[in-house]
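Now for the letters of each chain:
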Amino acid sequence: MDTYNGNSIVAMTGKNCIAIATDTRLSTELMTIDGNFQRVFKVNDKCLMGLSGLATDVQTFNALMKFKMNLYKLKEGREMKSSVFSNLVATSLYEKR
């Protein structure tokens, strides 16, 4: 049985700053399973990724992005830029259609 909470993510930018926030509650039906479920992940020093949806999807997609980031770092010998990471997320989501 997978768990889902009607979660959402909000993000904003300002002068020389950004903020990204989400709920941390993980539940199934009316029962709370965890009050500290991670949905915002640090990609690198200049990039954050926030994921909403089913808990297993969040964990699987985060693991896939880490895997692809590590392959990029091994192949290119450098950290991935935020714009490249954005394209990686878009193509990774599109390939599942």
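Note that the coordinates shown come from a computational prediction; the quantities given were computed from them, not determined experimentally. (Residues numbered from 1 in each chain as written. Predicted model: local features only at pLDDT ≥ 70, side-chain atom pairs only at ≥ 80, totals over all residues. Heavy atoms only, no water.)

J.: Sorry, what's going on with the overall build of the protein chain here?
T.: Helices and strands together make up the secondary structure of the protein chain, namely two helices and six strands. Start at the N end of the protein chain and walk to the C end: the helices and strands fall as β-β-β-β-β-β-α-α. Along the first, second and third principal axes, the C-alpha atoms of the protein chain reach 45 × 35 × 25 Å. For the protein chain, the proportion of its 97 residues judged to be buried stands at 29%. Long-range contacts, defined as pairs at least 24 residues apart, comprise 33% of the intrachain contacts of the protein chain with a sequence gap of at least 6. Carbon and sulfur atoms make up 56% of the accessible area of the protein chain, which totals about 7,200 Å². (Helix = DSSP H or I, 4+ residues; strand = E, 2+ residues; numbered from the N terminus. Buried < 20%, exposed > 50% of the residue type's maximum accessible area, 1.4 Å probe, protein only. Contact = heavy atoms within 4.5 Å. Areas by Shrake-Rupley, 256 points an atom, 1.4 Å probe, with all protein chains shown as cover.)

J.: How do you make sense of the side chain of Lys68 when you look at a structure like this?
T.: Mapped onto the secondary structure, Lys68 falls in helix H1 (residues 55-76). Looking at Lys68, its side chain comes within polar contact range of the side chain of Glu95, at 3.3 Å. Setting aside chain neighbours within four positions, we find Lys68 in contact with Leu88, Ser92 and Glu95. (Polar contact = N/O pair within 3.5 Å; in protein donor to acceptor, adjacent residues only side chain to side chain.)

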